[in-house]
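# Observations on the model geometry
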Amino acid sequence: MKTDIVIVGCGVGGLYCAMNLPRDKKIVMVTKSDADKSDSFLAQGGICVLKNDADYDSYFEDTMRAGHYENNKQSVDIMIRSSRDVINDLVKCGVRFEKKDGEFVYTKEGAHSIPRILFHEDVTGREITSHLLDAVKKLDNVTIIEHFTMVDIIEDGDECRGIIGHDKDGDCVPVIADYTVLATGGIGGIYKHSTNYRHLTGDSLAIALKHGVKLQNIDYIQIHPTTLYSVKKGRRFLISESVRGEGAVLFNSHMQRFVDELQPRDVVAKAIYDEMEKDNKPYVWLSMKPIPTEMIKSHFPNIYKHCLEEGYDVTKECIPVVPAQHYFMGGIAVDEYSKTSMGRLYAVGETSCNGVHGKNRLASNSLLESLVFAKRAAKHMTKKYSESKYSGEIKADKTLYKNYEKEYKKTILDEIEKEKKRHE
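Counting of residues starts from 1 at the beginning of each chain's written sequence and follows it residue by residue. Restriction of local features to residues with pLDDT of at least 70 applies here, the model being predicted, together with a cutoff of 80 or more for giving and counting side-chain atom pairs; totals for whole chains, interfaces and linings are based on all residues. Values reported for side chains reflect all heavy atoms of the structure, with hydrogen atoms and water molecules removed beforehand.

Okay, the overall build of the chain next. Strands are runs of DSSP state E lasting at least 2 residues, helices are runs of H or I lasting at least 4, and numbering of each runs from the N terminus. Helix and strand content of the chain: 11 helices and 18 strands. Radius of gyration: C-alpha atoms only; globule rule: 2.2 Å multiplied by the number of residues to the exponent 0.38. Its C-alpha atoms give the chain a radius of gyration of 21 Å, within 12% of the compact-globule value 22 Å for 424 residues. If you line up the chain on its principal axes, its C-alpha atoms span 65 × 50 × 40 Å. Note on classification: 1.4 Å probe, protein chains only; a residue is buried when its accessible area is under 20% of the maximum for its type, exposed when over 50%, partly exposed between these limits. For the chain, the proportion of its 424 residues judged to be buried stands at 58%. A sequence separation of at least 24 residues applies to 71% of the contacts in the chain between residues at least 6 apart. Per element, the accessible surface of the chain, about 17,800 Å² overall, is 47% carbon and sulfur. Two residue types count as positive, namely Lys and Arg, and two as negative, namely Asp and Glu; His and chain ends fall outside the count. Positions of charges follow a simple convention, taking NZ of Lys, CZ of Arg, CG of Asp or CD of Glu. On the chain, the mean spot of the 60 positive side-chain charges and the mean spot of the 63 negative ones are 1 Å from each other. The criterion used for residue contact is that any of the two residues' heavy atoms lie within 4.5 Å. Areas reported here follow the Shrake-Rupley algorithm with a probe of radius 1.4 Å; residue values treat only the protein chains shown as occluding.

The structure is reproduced here in structure tokens:
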């Protein structure tokens, strides 16, 4: 298969990148599962935006403080200053952010000094990503291939010439491209407890390691403080941070509050772990009772419904919550244009690391960061576009990658441990 640009992943990063590429370029998008099974669909709380010029210093400081001041200041500046344009694009695309009297309604989450988060009920990710996916499906120059798993990239002279993957029939298929964009999401699938889809196993990272593509801070892994405790296997159901932003509180087994619920995620998660260990309990309690019932049902209908299905009425009783792996701040190292250390290879979204989040991501910066730097990747490719002259031989033996997922998981976990030791 030959195309101009191949994008691996159908989350907001991959979709928005495709939308901002020239219409005369043939684009192939591949995704490991169904097109609507990216973590972007799962984001609940919302998306940050610079409310006005006076908010810049506060927003910048909140992001830096949450990231323990290890953030790349240039990346933070780019993200914040680009936020309003991204929101305008999303609104034009049909995204319905909450409004009152024609004006945006902003909510607040942990570590934010003021409300600056736009939302759609408690399914903001689904609202944004579904509209982007619909828009991309209408583009004549874009082909989306589902159930296609990338197992390698094609390297030639320190340049990327495309990917090799398995299609739904198990056949090994090379996709030769002038440019390649990795937008494969996070690494939750390699953890026992995670809010991520199980098929997100960090494949891009293992492939990058194999080809010597530079990585950055891959031991910076965010644990979300509040997921619904369950003995069931599979993905953990997230209880959005915005419920705490609207007044929900945490209790230990003695029904005592033990932490400022609006501290950064890593601080709250550690406090919960400490309390669980002290009380020898597998969870703590979250009470949404301080939030008016009508607000729960209108702002958090999905959380309300899911908890009811699990046997909890959040308007009347506490729910058991436990921290779980949630987000990946590290990844494939990229510059301000999402370029990797390999020629013709870009990375966007959670699989990339431009340093914007530092050591700990500020709530609701994930969707924004993915969108901002995906658009910059598209614009940079457009400006620098040149055709690839690759005509080498590609070895695509499907038996060669039979155990790729097991091997990739081990490769990534080993490298994370090495990086932890380096930081220590």
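Take Thr226: it is sitting in strand S12 (residues 221–228). For Thr226, a relative accessible area of 0% translates into the label buried. Leaving out residues up to four positions away in the same chain, Thr226 has contacts with Leu238, Ile239, Arg244, Leu250, Ile272, Val321 and Val322.

The next thing to look at is the side chain of His112. Turning to its location among the elements, His112 is positioned in the loop between strand S5 (103–104) and strand S6 (117–118). Judged by relative accessible area, which is 4%, His112 ranks as buried. N or O atoms within 3.5 Å of each other form a polar contact, as long as, within protein, one can give a hydrogen and the other can take it, and as long as residues adjacent in sequence are counted only when both atoms are side-chain atoms. A polar side-chain atom of His112 sits 2.8 Å from the main-chain carbonyl oxygen of Ala363. When sequence neighbours within four positions are dropped, the list of residues in contact with His112 reads Cys48, Asp62, Ile117, Leu362 and Ala363.

Moving on, we come to the packing of aromatic side chains. Stacked, tilted and edge-to-face are the three classes assigned to paired rings of Phe, Tyr and Trp, where Trp is represented by its six-membered ring and a pair needs centres within 6.5 Å; plane angles under 30 degrees give stacked, over 60 edge-to-face, the rest tilted. Within this structure, the stated rule accounts for six aromatic pairs. On the basis of an interplanar angle of 75° and a centroid distance of 5.2 Å, the ring pair of Tyr283 and Trp285 is categorised as edge-to-face. Taking the relative accessible area as the measure of exposure, Trp285 reaches 23% and is therefore partly exposed. For Lys51, the ring lying beneath its charged end belongs to Tyr106, and the centroid distance is 4.6 Å. The rule for a charge over a ring is simple: NZ of Lys or CZ of Arg within 6 Å of the ring centre, and within 35 degrees of the ring normal. If you follow Arg344 out to its NZ or CZ, it ends over the ring of Tyr179, 5.2 Å from the centre.

Another aspect to go through is the nonpolar core. A general tendency of soluble globular proteins is for nonpolar side chains to be buried together. The nonpolar core is taken to be a set of buried Ala, Val, Leu, Ile, Met, Phe, Trp, Tyr and Cys residues, with the residues joined through side-chain atoms within 4.5 Å. Core analysis: the biggest nonpolar cluster contains 59 residues, and Ile47 and Leu90 have the highest contact counts within it. Among the elements that line this core, the one with the most residues is helix H10 (residues 366–384), at nine residues. Setting aside residues no more than four positions away along its own chain, Leu90 makes contact with Ile47, Val95, Phe97, Ile128, Leu132 and Leu371. Formed by 37 residues, the second largest nonpolar core is a distinct cluster that contains Leu205, Val334, Tyr408 and Ile412.

Okay, the pairing of strand S1 (residues 2–8) next. Residues in a regular strand project their side chains so that they alternate between the two faces of the sheet. Judged by how many residues are buried, S1 sits mostly within the fold: six of seven residues are covered. Any two strands are treated as partners once DSSP identifies two or more bridges connecting them. Where S1 lies against strand S10 (residues 172–182), six bridges are found, and the strand directions are parallel. By the bridge assignment, Val6 is partnered in S10 with Thr180. Note that S1 and strand S2 (residues 27–30) share four bridges and pair parallel. From the neighbouring strand, Ile7 faces S2, where its bridge partner is Met29. Orienting the strands away from the viewer, one traces the path from the first strand over the helix to the second; a clockwise path indicates a right-handed crossover. Crossover handedness for the path S1 to helix H1 (residues 12–19) to S2: right-handed.

Another aspect to go through is the sheet that holds strand S16 (residues 331–333). As summarised here, the arrangement of the three strands in space is S11-S16-S18, forming an open sheet in which the pairing is mixed. Each edge of the open sheet carries a strand with a single partner, namely strand S11 (215–216) and strand S18 (352–353). As paired strands, S16 and S18 are joined by two bridges and run parallel to one another. Opposite Ile332, over in S18, you have Ser352 as the bridge partner. Only the stretch in contact is used when fitting a helix axis, every axis being a line fitted to C-alpha atoms; angles between N-to-C directions are given from 0 to 180 degrees. Each of S11 and S16 is contacted by helix H5 (residues 203–211), which is oriented at about 45° to S16, the strand it contacts most.

All right, on to the pattern of salt bridges then. In what follows, salt bridge is the name for a side-chain nitrogen of Lys or Arg lying within 4 Å of a carboxyl oxygen of Asp or Glu. With the rule as written, the count across this model stands at 25 salt bridges. Arg161 is the salt-bridge partner of Asp156, the closest N and O atoms lying 3.6 Å from each other. Here Arg265 makes a salt bridge to Glu241, at a shortest N to O gap of 2.4 Å. Residue Arg265 is found in helix H7 (residues 265–279), and its partner Glu241 is found in the loop between S12 and helix H6 (242–245); the two are separated by 24 residues along the sequence. Here the two residues Arg265 and Glu241 agree in accessibility, since each one is buried.

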